[in-house]
Amino acid sequence: MFMILSPRKWAGTVLILAVFLLGTAPDAMAQKVPISFDDYHGYTGTVEYLQAVARAYPNITELLEIGESNMGRTMYVLVISNMRTGTTIDRHIELRNPRRENVQNVTPMKSYHGKPGQWIDGGTHGNEYTGTEVCLYIIDKLVTGYSSDAELKELIDECVFYICPIVNPDGVYNSVEGGNSQRQNSMMNDDDNDGRINEDGPDDLNGDGHITSFRYKDPEGGYVIDDVDPRVMVRLARGAETTKDRYSVVREDRDNDGDGRRGEDSERGIDVNRNFPEGWYGDDNEKAGSGYYAASAPESRAILEFFTNNTNILLVQSFHTSGGFTYRPFARWPDSRIDPKDLAIFDRVMGKKYCQLLGAEYPAEWDEEPAQQRTAQQGMRMRPGGTPPGGTPQQQMRQQRQAPGGQQTARASGGGGGARGYDLPREWTHPYNDTADRPYGYGIFIDWAYAQFGSYSMTTELWNRSKDFPGMPEFTGDDAQAQQARWMINYQDEHNDGAFFVPWQRYRHPDLGDGEIGGWIAQYNSRNNAFPGEALLHVCDIHWQFELFKANLLPHVVITDATAEVLYETNSATEASVTYQGDTATISRGKRMGSYKVVLVTVTIENTGQLATQVARGARLAGNRNDAVWLVGDRDRVTFLQGTAHQSIGVLEGVMPIPGIQSSAPAAGGAGQRQMMMNLPPNIPPQMMQQFMARMGGGQSEAQAGNTREVKWLIAIEGNSPLKVIVTSQRGGTHVKEITLR
Ligand SMILES: [Zn+2]
């Protein structure tokens, strides 16, 4: 039947077609999920945002629930990668024990497990929620940039970002939503040993929805009211005299359990960033310390499990907030425990970039030319960072502001640069105290992530109020502190409609008597967190650029060439015998006439990324492995004469010369290769032998190093078989190539 469509119906059909066609480009038409940084998102806002992003960008994101806090809040990781690209080894090799969907503690491999991974987290310490905001900013940049920015598209197609904006959901919830600054996780602990649990946290006494402060006259008090702005409380110097009324200023809180103390039994549990297995130490301080045993906290345990199932992670960033600098491993051990190669990549590559982004000075040694330039610059896959020469306008502004300050001085812990040859700058350091030969801490996440897991891990302390607040002048003199306090209050008057500071109002405190409630709403006056709005955006953007720079360093292992050349062929044999290392392998199928081919397979593998596929200690760590290549054909038809289906190729270096490090020694993969080539099959026709030897490189194959490998196999095929090569690198990606016989 012939149907006549009205113009209206036509229009509808065309529209449907258009939507269908546009839909084939992954998330090109996704609706942007709006996000603003005018206020903190907290746990609630973060979860809403993550869910909205996962809904809007189903082809490049996956939202995973990786654990649950003690108070029942879910821990989320947003995976960002093109879900339609990438492959994993278990799709090509028949595993004896295939991973099953219903096994709870093992994740079936996802396509992104075959891509190099970058982990970014925030909110490990609940009251350091600026890191959460930076994570959300990075998510926004990645998902919205996918359809418009070729560099980001390439990264999302070929790599995977794992972003965990809140490691410690209870701590962030209590700090942001509750205004009760909580560094630790939450636990059902009876802190004051009175038989009741978590019964005495802070209180919103006047019921205005905020935890602020209570000020009251107290002859022993350490504060006076500021003459210039009576909203400001000025802290007196120790032993200072004053004719004014002295005040005490305490958190808005009462003694809920009548034991004479306020706020001594909140939800506060242990410090998640002291609860990881590397260098863990029981400090007998269960209430705020490292926990009863390593990974006793559900948060650290969930992360360890997640990493165990995502061993493709090579880069780890953990955002904290106090101080405005980045530290790399170790907190527990001196630098002598770090391989010189890794040290060079940490400091001279990543540290240098970080200092440049901040406009900070770094050691002159970091600018030295690499000891020996490699020649293989041609295949280099540079993904340049997005910073214009001279830095962003904000960075230039910073540089100008910092210029009068002059020389950077090494921190106490940065001394003793002898072993490494330079002192670490304040902005790029390690927490271990070299001078005192003393650990900064035990059981720290990034120590585990480097030492036991094998990633380039680091922690950025995002915020230093005096240095990082755009437009804030430098205050000097005796009342510098009061000047800064006035400036901050005025700032929020102008930029935030005064929403972050509550005017003081009379209140009769049940324990302390007459006084006033008011002052900063707790979450906005944290010395630790970037102020919402302009300041927060400034911090977010610098650290997005740093993560982007690191993402562009990720390794990228590809098969650049794969050929299969028929050296010897017969169409009239019922069987053919060939010898492999003294054993005779007969390739025959019953009595039928068959065609047999002896085939030389040559494969070239390259790491076109900047970094090697493992940190220097990587392949030696439990759970880690060398890069490997498989030749796969029809099992019933292919006989391996030289070389086994699976070949280890060591660790592929990156194309980037490592500053200060001589180019590498031969890798482990070479010896077996050479031995394999020495045994030639005896049934190669004499007239073919010379050609054969030439093809095999004269029976010699030097040990291979650097970022490329050439691997050869000699196989016999009965009839025909499809052939494919799979190169699989734990942290450099998995790549497959089909081969046609010629
Ligand atoms: Zn912290």
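How each quantity is defined
Residues numbered from 1 in each chain as written. Predicted model: local features only at pLDDT ≥ 70, side-chain atom pairs only at ≥ 80, totals over all residues. Helix = DSSP H or I, 4+ residues; strand = E, 2+ residues; numbered from the N terminus. Expected span 1.5 Å × (residues − 1). Buried ≥ 20, exposed ≤ 12 C-beta atoms within 10 Å, placed from the backbone. Pairing = 2+ DSSP bridges. Axes fitted to C-alpha atoms, helices over the stretch in contact; angles between N-to-C directions. pLDDT = per-residue confidence, 0-100. Contact = placed C-beta atoms within 7 Å. Core = buried A, V, L, I, M, F, W, Y, C linked by C-beta atoms within 7 Å. Nonpolar A, V, L, I, M, F, W, Y, C, P; charged D, E, K, R; others polar.

Undergrad: Hey, could you go over helix H3 (residues 130-145) for me, with residue numbers and the actual values?
TA: An ideal rise of 1.5 Å per residue puts 22 Å on 16 residues; H3 measures up with 22 Å between its terminal C-alpha atoms. Burial analysis of H3 places 12 of its 16 residues in the buried class, which makes it a mostly covered element. Buried within H3 we find Thr130, Gly131, Thr132, Glu133, Val134, Cys135, Leu136, Tyr137, Ile138, Ile139, Leu142 and Val143.

Undergrad: A description of the sheet that holds strand S19 (residues 628-632) should follow, citing residues and the corresponding values.
TA: Strand order in the open sheet made by the 4 strands is S21-S19-S23-S24, with antiparallel pairing throughout. The outermost strands of the open sheet, each flanked by one partner alone, are strand S21 (646-648) and strand S24 (733-739). On average, adjacent strands in this sheet sit at an angle of 15° to one another, irrespective of strand direction. Relative to S24, strand S23 (residues 723-729) is paired through 7 bridges, and the arrangement is antiparallel. The residue bridging Val727 from the neighbouring strand is His735, located in S24.

Undergrad: Quick rundown of the confidence of the model for the protein? Include the residues and the values.
TA: Summary statistics for the protein give a mean pLDDT of 83 and a share of 80% for residues scoring 70 or more. Contacts for the low-pLDDT stretch residues 372-415, under 50 throughout, to residues beyond four places or in other chains number 60 contacts. Note on residues 666-680: pLDDT under 50 across the span, and 33 contacts to partners over four residues away in sequence or across chains.

Undergrad: Outline the nonpolar core, listing residues and values.
TA: Note that soluble globular proteins tend to have their nonpolar side chains buried in a common cluster. Ranked by internal contacts, the top residues of the largest apolar core, which has 142 residues, are Ile139, Ile163 and Val601. In contact with Val601, not counting residues within four places along its chain, are Ala564, Leu631, Lys712, Trp713, Ile715, Leu723 and Ile739.

Undergrad: How would you sum up unusual backbone geometry? Please name residues and give values.
TA: Geometrically, the link from Pro329 to Phe330 is a cis peptide bond, its omega value of 0° lying close to zero. Here Phe330 lies in the loop between strand S10 (325-327) and helix H7 (340-358).

Undergrad: Before we move on, could you go through the environment of Ser296 and cite the residues and values that matter?
TA: With respect to the element layout, Ser296 can be found in the loop between strand S8 (247-251) and helix H6 (298-309). Taking the C-alpha atoms as reference points, Ser296 and Pro277, separated by 19 residues in sequence, lie 10.0 Å from one another.

Undergrad: Talk me through the sheet that holds strand S4 (residues 160-164); I want residue IDs and the actual numbers.
TA: The strand order across the open sheet built from 8 strands is S1-S2-S4-S3-S9-S12-S10-S11, with neighbouring strands paired in mixed fashion. Each end of this open sheet is capped by a strand with a single partner; those strands are strand S1 (61-68) and strand S11 (428-429). Where strand S3 (residues 117-122) lies against S4, 5 bridges are found, and the strand directions are parallel. Directly across from Asp121, in S4, lies its bridge partner Cys164. Here H3 sits on the sheet in contact with S1, strand S2 (74-80), S3, S4, strand S9 (313-322) and strand S12 (456-463), set at roughly 140° to S3. Here H6 sits on the sheet and contacts S1, S2 and S9; the angle it forms with S1, its principal contact strand, is near 135°.

Undergrad: Please set out the packing of helix H2 (residues 42-56) against helix H5 (residues 169-177) residue by residue, giving values where relevant.
TA: Direction vectors running N to C along H2 and H5 enclose 115°, while the axes themselves pass 6 Å from each other. In contact with Gly42, Tyr43 and Thr44 of H2, H5 contributes Pro169, Val172, Tyr173, Val176 and Glu177. Of the residues contributing to the contact of H2 with H5, the split by class is 5 nonpolar, 2 polar and 1 charged.

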